[in-house]
Structure formats: structure tokens, C-alpha cells
Amino acid sequence: MSTPPLFLVDTLPVGTEFVLDGPEGRHAATVRRLRAGEAITVSDGAGTVLSCEVAGPESRDSLRLNVIARSVVPAPQPRVIIAQALVKGDRGELAVELATEAGADVIIPWRASRCVAKWEDGPRADKALSRWRNTVREAAKQARRPHLPEVREPATTKDLADLAATATTLVLDATATRLAEIALPTHGDIMLVVGPEGGISDTETATLTAAGAHPTRLGPTVLRASTAAAVALGALGALTPRW
């Protein structure tokens, strides 16, 4: 039995009924073709969830909903920040899609030195960042996630080193210590650094390690830059209280 579809809105109503309109209402009414009596969930992306029942159409592109229950889903702990190196083509969007479905709480586009993709400041970078954010939003809905991951502005290696001072930081490295051998926190932040196709440079590794980061590997195989974060998130879910 499938779970009710999730729709994200900026602000949730306070009453027992409301109209789902705008892009989400259009999707629910004309794409999903939801009908009276069907179950639906609506969230603000910050953990509050309304369990609703479709009362009927309000217009061709909107639905009237009855609120059955209201709940607040706590954010998982520890929080996981993914510093994802920029990846060429649509593999970058695949990386953030999979990471969102696997539970990433924050995603930071990382301008690593060996990135083939270059997000120079300007309209092209803004457009690429917007695609990542849209991908994350749709992936969160697909995964029925009431917490919408934050996608931050692109970061440099120095920015990540600064963040490493306040988070348990893991740098994926196929030759390093296994993740299962590293002591992980039960609260606070874990930052996972995923390099580009060409790997993380020795200089970048040294900079992050000097800031307190731990080079680590997931297993005996080498993963693509677009799939490594999702696999690591699964491991972190099992090795910490997140799951």
C-alpha cells in the first residue's frame, strides 16, 4: 500500500480546511488527478505535516482539503551536511536527488579544484544552483520528506575548512580508514565531503585534515561522484541514531 503523496507549501493553514492552489494545487488536481476521499499530506518543509482528505475540486487547478490531523516530525539527529563537488552535466542533479532521497539535511555545492564543471559567479551559476534546488524539492516530495533540505550557496575549500571546526567532518577517500571504524556523534552536525570525478587533491585533503576532518572510505569499491553521498548517507543512517 503506497503512502499518501506529499505536497510542499510555504505556509500551512491554521483551520480544519483549506484550498491547495498554485503550482502544488495544479499538480495535485491535473497531474495526480486526486479525487474526493483520497488521502494527501501537506507540509511546510520544516517538519510540520497535515494529514488531509480531498473534499473536492475548488477549480480546475486547485483542491479543497479537510485537515484530519496535524503533527510535527522532529529533524533527524545527527544532522548530515553534504559538501558535494560540482559534477559535469546532469550527474550533479542526480547526486543531489539521490542525497535528498537518502536523507541529506543540507547540501553545499563545492568548488573543488578538480571539478570539470565550473560555476562562475553570474547568471549561469544562478541557473545551475536553481536547478539543484528544484531537484531537491522534487526529490523531497518523492521521498515523502517533511524536512526540505537546504541548498546553500557554492563554497570553496576554505569555507568547508571553516565549517569543519563545528562539525564532525568526513572526507571520502578510497584509501583511508573505513567509516565503521570512526567514532560518530549522536547529535550535532556531520559534514560529508564528496570529491569530483578527478578526486580530491592532496592540497585540499591537507587543508581539510588540518581543520579536523577525517579521511574515510565506505568499502572496497570506488563510487561515482554522483552516487557516493547517497551510499554514505545509508551507512550513516545505520551507524548513528538517524534510522
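Residues numbered from 1 in each chain as written. Predicted model: local features only at pLDDT ≥ 70, side-chain atom pairs only at ≥ 80, totals over all residues. Heavy atoms only, no water.

**Remarks on the nonpolar core**
Among the nonpolar cores identified, the biggest contains 49 residues, and I82, I107, L160, L170, M191 and V193 are the most heavily contacted of them. For this core, the elements supplying multiple residues, two or more each, are β6 (79-85), α2 (91-102), β7 (106-110), α3 (123-142), α4 (157-164), β9 (168-178), β10 (189-194) and α6 (228-239). A per-element tally of this core places α6 first, with 6 residues. With sequence-adjacent residues up to four places away left out, M191 is seen in contact with I81, A83, L160, L163, A164, A167, T168, T169 and L170. Counting residues in hydrophobic clusters, the runner-up holds 16 residues, among them F18, A29, I40 and L50. (Core = buried A, V, L, I, M, F, W, Y, C linked by side-chain atoms within 4.5 Å. Buried < 20%, exposed > 50% of the residue type's maximum accessible area, 1.4 Å probe, protein only. Helix = DSSP H or I, 4+ residues; strand = E, 2+ residues; numbered from the N terminus. Contact = heavy atoms within 4.5 Å.)

**Some remarks on the sheet that holds strand β3 (residues 39-43)**
Spatially, 5 strands are ordered β1-β3-β4-β5-β2 in an open sheet, and the strand pairing comes out mixed. Strand pairing shows two members of the sheet lacking a second neighbour, β1 (6-8) and β2 (17-20), which therefore form its edges. Neighbour to neighbour, the strand axes of the sheet diverge by 40 degrees on average, direction disregarded. (Pairing = 2+ DSSP bridges. Axes fitted to C-alpha atoms, helices over the stretch in contact; angles between N-to-C directions.)

**Considerations on unusual backbone geometry**
Along the chain, Q77 connects to P78 via a cis peptide bond; the corresponding omega equals -5 degrees. Mapped onto the secondary structure, P78 falls in the loop between β5 (62-72) and β6. Positive phi, normally seen in glycine, also occurs at R144, with a value near 60 degrees. Its location among the elements puts R144 in the loop between α3 and β8 (150-151).

**Section: the domain arrangement of the chain**
If you check the domain split of the chain, you get domain 1 (6-72) and domain 2 (79-239). Computed over C-alpha atoms only, the centres of domain 1 and domain 2 are separated by 32 Å. Each side of the interface is counted separately: domain 1 has 9 residues, and domain 2 has 8 residues. Of the roughly 780 Å² buried between domain 1 and domain 2, counting both surfaces, carbon and sulfur atoms make up 55%. (Domains from an automatic or database assignment. Buried area = accessible area lost by both parts, 1.4 Å probe.)

**Quick notes on helix α1 (residues 22-31)**
Among all positions in α1, only E24, G25, A28 and A29 are buried. The arc that holds every buried residue of α1, seen down its axis, measures 120 degrees, which confines them to one face. Residues P23 and V31 are exposed on α1 and point more than 90 degrees away from its buried face. Turning to α1, the residues buried within the fold contact β1, β2, β5 and α3. (Arc of directions from axis to C-beta.)

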